[in-house]
Amino acid sequence: DAGVIQSPRHEVTEMGQEVTLRCKPISGHDYLFWYRQTMMRGLELLIYFNNNVPIDDSGMPEDRFSAKMPNASFSTLKIQPSEPRDSAVYFCASSYRQGATDTQYFGPGTRLTVL
Amino acid sequence: DQQVKQNSPSLSVQEGRISILNCDYTNSMFDYFLWYKKYPAEGPTFLISISSIKDKNEDGRFTVFLNKSAKHLSLHIVPSQPGDSAVYFCAARMVFGNEKLTFGTGTRLTIIP
């Protein structure tokens, strides 16, 4: 199993540009999560999907952020327009519900730098 | 509002000694707790978990203790090894709530050879 795959691994862009981060979850997993890691706030959940449907997007910071999951094997997180304060590491994770608990498996992350 | 707090940003421990990482939470609805370990340039990986019906869970060198009345949990690593040097995140969730994990800000553990 290849694990959760994220692309790109690094992204450097200029303020105002559109940024698209991509994620391929582990096959068979029915939950997908997008997190952002910063020094000040640690790992924050932005949004999560269940069976491709967004369930909770209360962590999405602003309307500039949007996420989609068109099918079970692909999700995108888009920032438009990007701002320097969006610079962070963005992680995608997936899981499969087994009884009362499950384990989230994380991808390697995308380090975003907005100049 | 940080519902899961790791008040020590860093910790250094001699190889072979015990490492103790602490975590506090404020939401009494949390009833399942996890520790994740993160190496540089990698995503976090699951380490160990504990349900609120227990006060201790052990897996090899790793033991997690939960004190519900104090809303406190700790991770003990005995003996500490150089490969344990990483950032450790505490996380909490409501088992029968939604799937959200609430993470702390992490503690960077350095094992000194």
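Residues numbered from 1 in each chain as written. Chains lettered and ligands numbered in written order. Predicted model: local features only at pLDDT ≥ 70, side-chain atom pairs only at ≥ 80, totals over all residues. Heavy atoms only, no water.

*Asks:* Break down the environment of Leu73(B) for me, with residues and values.
*Replies:* All names here are of chain B. Within the secondary structure, Leu-73 is located in strand E8 (residues 72-77). By relative accessible area, Leu-73 is classed as buried at 0%. Considered as a pair, Leu-73 and Leu-21 are 52 residues apart in the sequence and their alpha carbons are 8.6 Å apart. Look past the residues within four positions of Leu-73 in its chain and what remains in contact with it is Leu-21, Asn-22, Cys-23, Tyr-25, Phe-33, Trp-35, Val-64, Phe-65, Leu-66 and Cys-90. (Helix = DSSP H or I, 4+ residues; strand = E, 2+ residues; numbered from the N terminus. Buried < 20%, exposed > 50% of the residue type's maximum accessible area, 1.4 Å probe, protein only. Contact = heavy atoms within 4.5 Å.)

*Asks:* Give me the packing of aromatic side chains: which residues, what numbers.
*Replies:* Enumeration over the complete set of coordinates arrives at 14 aromatic pairs over all chains. An angle of 15° between the planes, with centres 6.3 Å apart, marks the rings of Tyr31(A) and Phe33(A) as stacked. Here Tyr31(A) and Phe33(A) have matching classes, each one buried. Between the aromatic rings of Tyr31(A) and Tyr48(A), the centroid separation amounts to 6.3 Å while the plane-to-plane angle is 40°, which identifies the pairing as tilted. On the criterion of sequence distance, the pair formed by Tyr31(A) in strand E4 (residues 31-38) and Tyr48(A) in strand E5 (residues 42-50) is long-range, its members being 17 residues apart. Assigned by exposure class, Tyr31(A) and Tyr48(A) land together as buried. Joined through ring pairs, the aromatic side chains of Tyr31(A), Phe33(A), Tyr35(A), Tyr48(A), Phe91(A), Phe106(A), Tyr36(B), Phe46(B), Phe89(B) and Phe103(B) make up one cluster. (Phe/Tyr/Trp six-rings, centres within 6.5 Å; stacked < 30°, edge-to-face > 60°.)

*Asks:* Lay out the pairing of strand E3 (residues 19-24) of chain A with the relevant residues and their values.
*Replies:* Residue and element names in this part refer to chain A. Relative to E3, strand E1 (residues 5-7) is paired through three bridges, and the arrangement is antiparallel. From the neighbouring strand, Ile-5 faces E3, where its bridge partner is Lys-24. In this sheet, strand E8 (residues 74-79) lies alongside E3 in antiparallel orientation, the contact comprising five bridges. Bridging from a neighbouring strand, Thr-20 pairs with Lys-78 of E8. (Pairing = 2+ DSSP bridges.)

*Asks:* With reference to specific residues and values, describe the environment of Ser73(A).
*Replies:* Residues and elements named next belong to chain A. Residue position: Ser-73 is located in the loop between strand E7 (65-71) and E8. Once the C-alpha coordinates of Ser-73 and Val-19 are considered, the two residues, 54 residues apart in sequence, prove to be 20 Å apart. The contact partners of Ser-73, leaving out residues within four places of it in the chain, are Cys-23, Lys-24 and Pro-25.

*Asks:* Break down the state of the cysteines for me, with residues and values.
*Replies:* Formally, a disulfide is one covalent bond, and it connects the sulfur atom of one cysteine to the sulfur atom of another. Residues and elements named next belong to chain A. For the structure on display, the rule yields two disulfides over all chains. Bridging Cys-23 to Cys-92, the disulfide has an S-S length of 1.9 Å. Handedness of the Cys-23-Cys-92 disulfide follows from its S-S torsion of about -65°: it is left-handed. Of this pair, Cys-23 sits in strand E3 while Cys-92 sits in strand E9 (residues 88-95), and the two are 69 residues apart along the sequence. The exposure class of Cys-92 is buried, given its relative accessible area of 0%. (Disulfide = S-S within 2.5 Å.)

*Asks:* Outline the sheet that holds E8(A), supporting the account with residue identities and numerical values.
*Replies:* Residues and elements named next belong to chain A. Judged by pairing direction, the sheet is antiparallel, and its four strands sit side by side in the order E1-E3-E8-E7 without closing on themselves. Strands at the two margins of the open sheet, each flanked by one partner only, are E1 and E7. On average, each strand axis in the sheet is inclined to that of its neighbour by 15°, with strand direction left out of account. (Axes fitted to C-alpha atoms, helices over the stretch in contact; angles between N-to-C directions.)

*Asks:* Talk me through the interface of chain B and chain A; I want residue IDs and the actual numbers.
*Replies:* Between chain B and chain A, the residue contacts involve 21 residues of the former and 23 residues of the latter. Contact between chain B and chain A buries roughly 1,800 Å² in total, counting both sides, with carbon and sulfur atoms accounting for 55%. Contact with chain A buries surface across chain B, with Glu99(B), Lys100(B) and Phe103(B) losing the most and accounting together for 31% of the total. Counting the contacts that link chain B with chain A gives one salt bridge. Run the count over chain B and chain A and you get two residue pairs in polar contact (both at pLDDT 80 or more). Sorting elements by how many residues they give to the side of chain B that touches chain A places strand E4 (residues 32-38) of chain B first, with four residues. Partitioning the side of chain B that touches chain A into residue classes produces eleven nonpolar, five polar and five charged. (Buried area = accessible area lost by both parts, 1.4 Å probe. Salt bridge = Lys/Arg side-chain N within 4 Å of Asp/Glu carboxyl O. Polar contact = N/O pair within 3.5 Å; in protein donor to acceptor, adjacent residues only side chain to side chain. Nonpolar A, V, L, I, M, F, W, Y, C, P; charged D, E, K, R; others polar.)

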